[in-house]
Each structure stands twice: as C-alpha cells, then as structure tokens.
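Below are the chains, spelled out letter by letter.
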Amino acid sequence: MQSKEERLTSWGRRGSELETMAKMEVKTSLLDNMIGVGDMVLLEPLNEETFINNLKKRFDHSEIYTYIGSVVISVNPYRSLPIYSPEKVEEYRNRNFYELSPHIFALSDEAYRSLRDQDKDQCILITGESGAGKTEASKLVMSYVAAVCGKGAEVNQVKEQLLQSNPVLEAFGNAKTVRNDNSSRFGKYMDIEFDFKGDPLGGVISNYLLEKSRVVKQPRGERNFHVFYQLLSGASEELLNKLKLERDFSRYNYLSLDSAKVNGVDDAANFRTVRNAMQIVGFMDHEAESVLAVVAAVLKLGNIEFKPESRVNGLDESKIKDKNELKEICELTGIDQSVLERAFSFRTVEAKQEKVSTTLNVAQAYYARDALAKNLYSRLFSWLVNRINESIKAQTKVRKKVMGVLDIYGFEIFEDNSFEQFIINYCNEKLQQIFIELTLKEEQEEYIREDIEWTHIDYFNNAIICDLIENNTNGILAMLDEECLRPGTVTDETFLEKLNQVCATHQHFESRMSKCSRFLNDTSLPHSCFRIQHYAGKVLYQVEGFVDKNNDLLYRDLSQAMWKASHALIKSLFPEGNPAKINLKRPPTAGSQFKASVATLMKNLQTKNPNYIRCIKPNDKKAAHIFNEALVCHQIRYLGLLENVRVRRAGYAFRQAYEPCLERYKMLCKQTWPHWKGPARSGVEVLFNELEIPVEEYSFGRSKIFIRNPRTLFKLEDLRKQRLEDLATLIQKIYRGWKCRTHFLLMKKSQIVIAAWYRRYAQQKRYQQTKSSALVIQSYIRGWKARKILRELKHQKRCKEAVTTIAAYWHGTQVRREYRKFFRANAGKKIYEFTLQRIVQKYFLEMKNKMPSLSPIDKNWPSRPYLFLDSTHKELKRIFHLWRCKKYRDQFTDQQKLIYEEKLEASELFKDKKALYPSSVGQPFQGAYLEINKNPKYKKLKDAIEEKIIIAEVVNKINRANGKSTSRIFLLTNNNLLLADQKSGQIKSEVPLVDVTKVSMSSQNDGFFAVHLKEGSEAASKGDFLFSSDHLIEMATKLYRTTLSQTKQKLNIEISDEFLVQFRQDKVCVKFIQGNQKNGSVPTCKRKNNRLLEVAVP
Ligand SMILES: Nc1ncnc2c1ncn2[C@@H]1O[C@H](COP(=O)(O)OP(=O)(O)OP(=O)(O)O)[C@@H](O)[C@H]1O
Ligand SMILES: [Mg+2]
C-alpha cells in the first residue's frame, strides 16, 4: 500500500496549479490530519481489502465517518463519542463538504444549505442493517438541522416538537431485539418542512408496517415494545391503580421475562421522558392517559385465558378462565363485559344479508384475543403518528421546502424469518434499488446521455428481485393476495405450492418443493420454506403465518365490541365496528397496503435530491472497539459500496446543467457578467477558460458541465463567495454613497436655511445696533447743539446783564463823580494826595541843592528825608552815580581809554588771584619802558623789528639749568615775542605768538612767570621760558590781549604755586617756596634736580 504522502502526490498530480492555489486558500480540508483516507475515492489501490482496512483503521481511531464522494459511511461505534457537541455543530456550519474531516454534520449541512439556498428538496436516506445506527443517524441529522436553522420563539417550538416526536414514537415503536437494544420496529419517514428562509415550519411523519406480532409474542432474548416496560416501571402507584395494573412484569403474559431488563436502559426515567415529550408535542393530559389506558388494556388482554367447554350440541366452546381480568379491561375501556365476552366466544359471518354465528374453540379464542391485542396496539400506534402529525403540521399554506429523513428497519436475516422479515427486506430491496437507480445507473446513463466518455462498470441491479416480490401478476405479494382471496381452503402450504409453481424459474427464488428440477435435490432447504436471494444475501422464509398475517383478520364481533366502548379513543380506533357502516368488502391485505405505501415512498423520494448515509454495524455483540471484518465485508458487499467508489472515481464528482452553472458562476468572469448573450454552454466555456481551470478537470456534456474534482468546484464556490462579497460591498458602497450624499444634501439644505436665518438675525442685530448707535449719536449731536444754543443764549443773557450792570455802574460812577464834590467824605483823600505832592516836590528841590561832587569815587550821598521815599532815594543815588561815571568817562582820550581797558583786563585776570596785583593798579602801563628808538645801541635791533612794539622791557631770564638770571630785552610785537641781548641788542630768540600756549605764575607777590611753548614748535627746542619782571601784571595782560587780537584765542593763564614746565625732554616742576628778603621782591631760583626747580619768593 502506498504511503499517505505518495497517495497524496499521485492524487495531487491530477490538479495542477489550481490545486496548489486551493490548498493555499482553503484553510482546512478533508486532507488535513487524515487517518487512512477520508474519502474512499482517494483510496489506492481500491479493493475490498483496502476498503475494509481503511474503515477499520479509521474506526480504531474513532473516525466512524468516511465518504464515498458525497455518500457518508457511518460505522456504529457503540459508545458515545465527543463529536456531536454544539462546538462541532458550529465547526461544520456553513462549511464546504470537503473542508473538514468526514462527518454526518457535513452531509446534514450540505443538504440543509442546498435546500435553503438552491431551493432543492432533499431526502436523507439512511440504510443499513438492524443496529447499524440508522435511528441515531436520523436523530443526529435532525438535531444538526435544528441547531443551524433559524431561531425565535415560534421556530424553537416547532423544532422542539419535531425533536420530541422521536422519544414518543420510539417508546411505542421500538423494542429490544437480539441485534439492537433499541430496534425500530416500524419504518419511519419524516418530512421536515421549511419556509423560504430555511426556518422549520413543521413536519409530516409517515409510518410503515409496525411489527405488531411482537405485541403478543417475542422471540427469545427480545422484548415487547418499550412502552409496556416503561409504563410498569415509571408510572406512579396512583396511575397504576387507575389503569388497574401491577408493577410486576411477570404478571403479564405478553411480556417476555428473560430480557425484561435491558442493560443501560432506565425504563422508569424513559417513561418520564416520554410523558414530557408527549406534553411538548401537544398531547393533552387526558389524551396521554387514554393512550396509556389502551396500552394497559392490551397488556391485560394477554392475561385473558380460555378453557375448553363442550356444549350440548357437541361443539367445542371456549370459556374465559378468570373473568376478573375481563372485567377490569371492560372497566378501563368502558365496554360492556357481556359484549366483549360474547365477542371472544362467537364469530358472526355475514353473507348476503345472512348472519351466521359460530362458536370459537379455545385456539380460535386465543387467536381472536391476540388479533385484538395486535390490532388495538397497531391502530393506537397509527393514531399516535396522526396525532403527532396534527401537532407538528405546518400552520401555513405557503410553498414549503422539504427535507425528508428516512429511517426504516434494516435488512434482517433471522433464524426464523417470517412475513415481517419478508416485508422489511422487500422494503430494503426497494431502497437499494432507488440507490442504484439514483447513483450508479443514473450516473452511467447520464454519462451516455451527455456524451461523456465512460468506462463501463458492472453492477448488480436488484430490480429483478423487486420484480420477483412486487410484480402485479406473478410477484410473491400478488400471489399471496390471490391465495388469501381465493375461495376454498387456503393455507400457507397452498401458498407455497403456488409459489413453487410460478417462481420456479426465477433465479433468485429457491424452494425445496419447486417443480424445477434444479431444486429437486436441494435438501439444504427445509420443508415449508422458500429462499430469496436478496441483494444483501440469501434469506430463508418460513411460510407459516404468511396468509394469516397478510389477511390481518380481526373478527367483526371484536371490532364491533370495540366500537361500542365508551372510551373515545378506542371507539375511534375501530370505525369499521360501527354497524351503520358495515362494509362487506374485504379490507386490503397487509402486503398490498405495504406495497402501495412503499411505492408512494419511492415516488416521493425520486422527486428529491438524495443524500445517503450508509450505516455499518461493526460487530454483532453491540460492543465498542470490535471490528468484525467478515461482518463488515458482508455489509459492504450487499450495500455495493465498492461499486459506488468505482463509479465515483471513473467519473466526475460534480455535474450541473449549463444554465444554472452559468447563472451561478457568471459573476466570476467579465465576459459573462452581468449577462451572457450566447448559449449557456459557450458561456460556461468562456468562464472556465477565463478562470484557467485545467482542461482535465472538466468535460462538456450535451447539457451539463462535468467537473472531475470536488476541489475544482470548491475553488469555484470560493471564488463565487469572494465575488459575492465584493458585489455586496459594491452595493453597500453605492448605497452608502447615496445615503451619505442624501444626508449631505439635506445637511447642506439645512445649513443654508440655518445660515439664512442666522444672517437675517445677525443683520437684524447689526441694524438694531447701528440704529441705536445712530440714535445715540443723533441725541448727542442734538444735545450738543441744544447746549450750544443754550450757552449762546445764556451768554447773550449774561452780556445783557453785564451791559446792564456796567451801564448801571457807569451811570453810578458818573453820577457819583458828578455829585462827589458834593460829598465830604472825599476831602481826606484829596488832602492826602495834595500833601504827598508837596512833600515830593520839596524833596526834589532840596536834593538839587544837596548834590555831592561829580567825582566817581566820591561816596557821599545825602540822607533820606522820608521813609516812604526810601526806594526812590536809592534809585536816585544809583542813577546819579551812573550819570557821574558817564560824565567822567566822556572826558577820556582814546589813549586813556586803552590804558583803562588794559587796566580793566588786568583786574579781570588777576584781581583776587595774584597777590602782586593790587600794587600794579596804581602803576600806569607804559609798555615801552626801554626806548629802543632813542638808544643807538639798539639801532640794529630796531631795524630788525618792523612791527609795532607793544612791550619793550628788560627782564631776567632764568637759566633752565641752574636757575641763575640773565638780563634780556623782552619785546612783544603784534605777532612775535622776541628776546634780545641787553648789551648788544642782538635777538636771541623769536617766538611766534601762535606757539605760545600758556603763561604760568604763582599766586604770590613775586614777578616770576613761565611762558609755555607749543610742543614740537621750533621755538620750543630748548624748552619753556622762565622770566622774572617788575611789570609782570602789565606784561601778562598785554601778552593776553595781543594773543587774543592776533590769534583769536584766549591765552591760558595759570596761577598756581606749583606747575610743570617742559625743558627739552624733561618735565620740571616749578615750586614756589617762602624765601628770605635779601633780594627784595626778586625771586631766587634754584634747580634742585632734574625734576624740581624751587623758586623762593618773599
Ligand atoms: N453515532 C453513534 N454513536 C454512538 N452510539 C451509536 C451511534 N449510532 C448507533 N449507536 C448505538 O447503536 C445502537 C443502535 O443504533 P440504532 O438504534 O440507530 O440502530 P438502527 O440502525 O436504527 O437499528 P434498527 O434497524 O434495528 O432500528 C444505538 O442504540 C446506540 O447505542
Ligand atoms: Mg432504528
């Protein structure tokens, strides 16, 4: 066997790029963490052995579900697995079939979604033998659908009622058999109806042939229907009393005792569940009690026993042994005891208006009793189904979508197979046929029809077996009916004989007594048996009871007795007992009824999309973890699973007509979206080309596209889903845009309205403000104008008043002036003024005579005669002095004026500054003391000087080095200062006045002075000059005035007792000290050192 990877690679080769993409995009897949293979289609190599091994491997790993394409194989685990939780439901919800590991939920989801989204009615066909898990599977499907479909109070109630119908029907229709502790003893087909949204609306249940023989007799190791045990174990004492029952099972003949208790089943608890379920489904309390009363009556019927009694006429008669039980039954059902008693003793046959009553012997009485019990129970069961249908019926008349779930008894091969097994197996045969029809045959035929290349696969078509049973002319059922209706003695043997005649040549029929020489020697077949080679195996049927069971006779006396019951339910169960409605026609036989209902079922199923769950029973022991390969192999064979896989693998996983295909996927390609103009097939071609789906992945049939790989389909589905989302987004986008725009326009409109209102309001406010401002300004202006006028008026008024006042005063003054002289009061003032005039006159006249001399220096001034003339006196003195001085000055010549000017200048320069000054005041400034013109000695000197000589005087020039004095002629002209030798008259130095910067002298009474020269000038080469002169004040004054007039600069005159002079490079300090008197007023100079020259002054 190939490894998982190899298998994957070989399989993976089939898909190319697309598959890689699918792998990338589909997050989970069937392939993830796969144990064995999840889909038998992927099995390599494919044969019975690998098939079983794969199932076993998966079973051992608790993987009980495996696919064959879309068919689910379910292997009964016989233990509860944690794979049905609500989380699992969510996991499988809305997921692709192949996306997750195989599960019954995946199939349920697929079926539900195609029902809801594609509007296809569905049916879920659950097949398999007894105990394979069909009922469980059907419940799982229902609970999954209930979990994923719509929600809401009403919907939930419908769901709950649908789900709760199961426990009720199981209690009445299921029983423990050797194969299954909860074996369904009836066939059940339930249509769940949905509205267009996929919300459940209700349902319809059809039941098929309840195995009623079980009511009166159970094979060894089996039980009667659950409800009997549940009632006895779970009912309260009160209820038991009411039903006249006892808790002890052994009290009842109809209950088998050897297996009354089933392991792991709590009958009492189940009874409560059933009661509760009945309530949910909608049974009234009295209805539920009526039902239990019927159950009790059936139980008690079994306890009626008969004893033989010989009658006088020699006929055998039966008598009820103990009438107590009968009495209680009659009390329970409200039947007259005598009526029932008679019905057990006589049989009335009506023919052609004649009534013939015959007595019943004991055997016949027992037969009648059991027939009544069986009929009562089976009719109750049918009533229950109808009652449930009434409750769960959809309340609306709108078109419904339907999901049918078929859980029918599995194929049965017992040791003793009777009419029931024959019927059951016939039903399974029909189901197999429909499976074959719908999958294998249909598949092949479709390929041929669609002109798709097909490798032929042989498969077994069981139509021939069905025909053997159901053929209207020579089918077994038809012959049984014929036999039953035939006049004369009819027994099971005559029936067998007939079979032997008619079916002898049929290859699936075998019988010991067959006239066909083929079987003459077949001693393996017992007598009174026939064997049918069913698709699932050979089954040997005991012919005994076939006729009776098919007739299903209930003596009319009994049904009439029942009809007479006051118990409403029982009465309604036997409508044929009504004497008014006597129908002499025989009722249809059980076989023909069943055939008809199976035909209806098949018709119904054919209109729906089938989904298969093939249940497999792993062992006969009802035990977990045991996988009996032989048993499984047998089931696989008769279920034709291998052929199923072959067909799947040879063909294409999916097909769809071009129109719906194009309709579904056209949005995936630009050319086909939104409309494709041409034929659908070419549209699909364009679509597939555009989507770049590898050509080996699909084929074009006549009317359908065939897709080889489910993955390709899922890829398409995913693309479509994505595209739908995009389209939804687009719609959403446009809608949002529209909504936003509408909103925006509304906002804009509103904004304009608001703005208009606001502007109006603002303008109004502004206008009001402007208006009130204008009013204020206006009022101010008016006020101002008014005040102005008022002021003017007031002014005018005041003027008028003033004029009046002035005029009054003026008139007053004039009048007073005119009349003053006539008043004494004025005399004083007049006298005073006169006296004053006199005094002033006298003062001035006296002063004229007392005037002092005209000398300006005369200080005399006559004393003041009157105090009040003090200021006048002083002023007069001042004016006089000024006048006297002017007079004096007016006498001066220009010469004298110059001299005085000089004197005045000297006084301004030196007065109070130099001690020498006062002595100079009295000395006239002569200037040229040395008369150069007259002295011939200085003729040369005089010639050298062309300018006017201002000073010519002999001075002592102080030697700079030692302080000794030398006489020099000091000459000052308009522009120069000249020094000449006193003796020779030779010019020693000539200094332009511009070079003289300063004259320094002491504050003492000495004639020493220094002439400072401009630094760097030619004259200053030896340094500043130091002189001593008797006419220092005059010389300094003249030097100052000449410099001022010539250079327009004031000569700096420094008066200080210590100053600096410049000798060549040295700065020498000239310091004046108090000296002796020996040289008179001439100072003595002494050069103390380089820096100091001391001048001793007197
Ligand atoms: N999926 C499952 N998980 C656990 N146990 C299961 C499962 N399916 C079946 N079983 C067990 O197997 C038993 C038999 O199953 P079920 O009653 O469904 O069989 P069936 O096919 O309906 O038989 P019949 O034809 O006799 O009615 C159940 O009672 C249950 O114990
Ligand atoms: Mg079942």
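Chemist: Is there a simple way to think about the sheet that holds strand β13 (residues 509-511) in this case?
Modeler: Strand-to-strand pairing in sheets goes through backbone hydrogen bonds, with the strands running parallel or antiparallel. Ordered by their spatial adjacency, three strands build an open sheet running β13-β14-β15, and the pairing between neighbours is antiparallel. At either end of the open sheet lies a strand with only one pairing partner, and these are β13 and β15 (537-542). This sheet shows a mean twist of 25° between the axes of neighbouring strands, independent of strand direction. Packing against the sheet, helix α17 (residues 463-470) makes contact with β13 and β14 (529-534), and its axis sits at approximately 150° to β14.

Chemist: Teacher, can you tell me more about the pairing of strand β22 (residues 976-981) here?
Modeler: Every other side chain in a regular strand lies on the same face of the sheet, so the side chains alternate between the two faces. In terms of burial, β22 is a largely internal element, six of the six residues being buried. Of the two faces of β22, the one lined by Asn 976, Leu 978 and Ala 980 and the one lined by Leu 977, Leu 979 and Asp 981 are each fully buried. Direction of pairing for strand β21 (residues 965-973) relative to β22: antiparallel, over a ladder of five bridges. What sits directly across from Arg 968, in β22, is Asp 981. Hairpin geometry of β21 and β22 is characterised by an intervening segment of two residues between the two adjacent antiparallel strands. By the bridge criterion, five bridges tie β22 to strand β23 (residues 987-992) in an arrangement that is antiparallel.

Chemist: Where do I start with the site of ligand 1 in this structure?
Modeler: In the vicinity of ligand 1 lie 18 residues, with Asn 76, Ser 130, Lys 134, Thr 135 and Ser 183 positioned nearest. Backbone polar atom of Gly 131 to an oxygen atom of ligand 1: 2.8 Å apart, as the coordinates give it. Put simply, the parts of the chain that give the shell around ligand 1 at least two residues each are α6 (134-148) and β5 (183-184). Top element by residues in the shell around ligand 1 is α6. It accounts for three residues. Among the residues forming the shell around ligand 1, the class breakdown is four nonpolar, ten polar and four charged.

Chemist: Help me understand the coordination of the magnesium ion (ligand 2) in this model?
Modeler: As a benchmark, a tetrahedral metal site with four donors has ideal angles of 109.5 degrees, while an octahedral site with six donors has ideal angles of 90 or 180 degrees. At 1.9 to 2.1 Å from the magnesium ion (ligand 2) lie its protein donor atoms, namely Thr 135 (OG1) and Ser 184 (OG). One end of the pair, Thr 135, is in helix α6; the other, Ser 184, is in strand β5, and 49 residues separate them in sequence. For the pair formed by Thr 135 and Ser 184, the shared burial category is buried.

Chemist: How should I be thinking about the nonpolar core in this particular structure?
Modeler: Residues Phe 51, Phe 172, Phe 228 and Phe 530 are the most contacted members of the largest nonpolar core, which totals 187 residues. Take this core: its biggest share by element is 14 residues, from helix α15 (residues 362-392). Look past the residues within four positions of Phe 172 in its chain and what remains in contact with it is Leu 210, Phe 225, Val 227, Val 291, Val 295, Tyr 377, Leu 380, Phe 381 and Leu 384. Residues Leu 993, Ala 1019, Ala 1020 and Leu 1039 belong to the second largest nonpolar core, which totals 33 residues.

Chemist: It is not clear to me how the state of the cysteines should be interpreted in this structure. Could you clarify?
Modeler: What is meant by a disulfide is a covalent connection between two cysteines, made through their sulfur atoms. What the rule picks out here adds up to zero disulfides. Cys 633 takes part in no disulfide bond, and the closest cysteine sulfur, belonging to Cys 615, lies 18 Å away. Taking relative accessible area as the criterion, Cys 633 reaches 12% and is therefore assigned buried.

Chemist: Would you explain the packing of helix α7 (residues 153-173) against helix α11 (residues 267-281) in this entry?
Modeler: Axes are the key here: two packed helices are described by the angle between their axes and the distance separating the axes. For the pair α7 and α11, interaxial distance at closest approach is 8 Å and the crossing angle is 140°. Classified by the angle their axes make, α7 and α11 are oblique. Two packed elements cross with a definite hand, and for α7 against α11 that hand is left-handed. Contact residues: Glu 160, Gln 161, Gln 164, Ser 165, Pro 167, Val 168 and Ala 171 in α7; Val 274, Ala 277, Met 278, Ile 280 and Val 281 in α11. By residue class, the composition of the contact of α7 with α11 is eight nonpolar, three polar and one charged.

Chemist: Would you take a moment to explain a negative patch on the surface for this structure?
Modeler: A cluster of acidic side chains, namely Glu 415, Asp 416, Glu 493, Glu 497 and Glu 544, defines a negative patch on the protein surface. Positionally, Glu 497 belongs in helix α19 (residues 492-502).

Chemist: Can you walk me through the side chain of His 873 in this structure?
Modeler: In this fold, His 873 is placed in helix α31 (residues 870-890). At 3.1 Å, the side chain of His 873 forms a polar contact with the side chain of Trp 861. When residues no more than four places from it in sequence are discounted, the contact partners of His 873 are Tyr 843, Met 847, Trp 861, Pro 862, Ser 863 and Arg 864.

Chemist: Hey, could you run me through the side chain of Asn 425 in this one?
Modeler: Secondary-structure assignment places Asn 425 in helix α16 (residues 419-450). The contacts of Asn 425, once residues within four sequence positions are left out, are Phe 411, Glu 412, His 534, Val 539 and Tyr 541.

Chemist: Can you walk me through the confidence of the model for the protein in this structure?
Modeler: Interpretation of this model should avoid reading the predicted coordinates in detail wherever pLDDT is low. With 93% of its residues at a pLDDT of at least 70, the protein reaches an overall mean of 86. Low pLDDT (under 50) marks residues 1-27, which in the prediction has 35 contacts with non-local residues, meaning those over four places away or in another chain.

Chemist: Would you mind going over helix α22 (residues 556-563) with me for this structure?
Modeler: Helical geometry: 3.6 residues make up each α-helical turn, so side chains three or four residues apart lie on a common side. Taking burial as the measure, the eight residues of α22 include six buried ones, the bulk of the element. Within the sequence span of α22, burial applies to Asp 557, Leu 558, Ser 559, Gln 560, Ala 561 and Met 562.

Chemist: Got a minute to help me understand the pattern of salt bridges in this structure?
Modeler: Oppositely charged side chains can form a pair if their charged atoms are brought close together. This structure, assessed with the given rule, holds 61 salt bridges. Among the ionic pairs, Arg 214 bridges to Glu 211, the shortest N-O distance being 2.6 Å. Here the two residues Arg 214 and Glu 211 agree in accessibility, since each one is buried. The partner of Glu 341 in a salt bridge is Lys 323, with the nearest N and O atoms 2.6 Å apart. Of the two residues, Glu 341 sits in helix α14 (residues 337-345) while Lys 323 sits in helix α13 (residues 323-333), which places them 18 residues apart along the sequence. By relative accessible area, which is 18% here, Glu 341 ends up buried.

Chemist: Looking at this structure, how should I read the packing of helix α12 (residues 285-301) against α15?
Modeler: Orientation of α12 relative to α15, taken along the N-to-C sense of each, is 160°, at an axis distance of 9 Å. Taken together, the axis directions place α12 and α15 in an arrangement best described as roughly antiparallel. Between α12 and α15 the crossing geometry is left-handed. Residues Glu 287, Val 291, Val 294, Val 295, Ala 297, Val 298 and Leu 301 of α12 pack against Arg 369, Leu 372, Ala 373, Leu 376, Tyr 377, Leu 380, Trp 383, Leu 384 and Arg 387 of α15. Counted by class, the contact of α12 with α15 contains 13 nonpolar, no polar and three charged residues.

About the thresholds
Residues numbered from 1 in each chain as written. Chains lettered and ligands numbered in written order. Predicted model: local features only at pLDDT ≥ 70, side-chain atom pairs only at ≥ 80, totals over all residues. Heavy atoms only, no water. Pairing = 2+ DSSP bridges. Helix = DSSP H or I, 4+ residues; strand = E, 2+ residues; numbered from the N terminus. Axes fitted to C-alpha atoms, helices over the stretch in contact; angles between N-to-C directions. Contact = heavy atoms within 4.5 Å. Buried < 20%, exposed > 50% of the residue type's maximum accessible area, 1.4 Å probe, protein only. Near = heavy atom within 4 Å. Polar contact = N/O pair within 3.5 Å; in protein donor to acceptor, adjacent residues only side chain to side chain. Nonpolar A, V, L, I, M, F, W, Y, C, P; charged D, E, K, R; others polar. Donors = N, O, S within 2.8 Å, 3.2 Å for Na, K, Ca; no water. Core = buried A, V, L, I, M, F, W, Y, C linked by side-chain atoms within 4.5 Å. Disulfide = S-S within 2.5 Å. Parallel < 35°, antiparallel > 145°, perpendicular 65-115°, else oblique. Left-handed = near helix turned anticlockwise from the far one by under 90°. Patch = residues over 30% accessible without salt bridge, like charges linked within 9 Å, V, L, I, M, F, W, Y side chains within 5 Å. Areas by Shrake-Rupley, 256 points an atom, 1.4 Å probe, with all protein chains shown as cover. Salt bridge = Lys/Arg side-chain N within 4 Å of Asp/Glu carboxyl O. Lys, Arg positive; Asp, Glu negative; His and termini not counted. Charge placed at Lys NZ, Arg CZ, Asp CG, Glu CD. pLDDT = per-residue confidence, 0-100.

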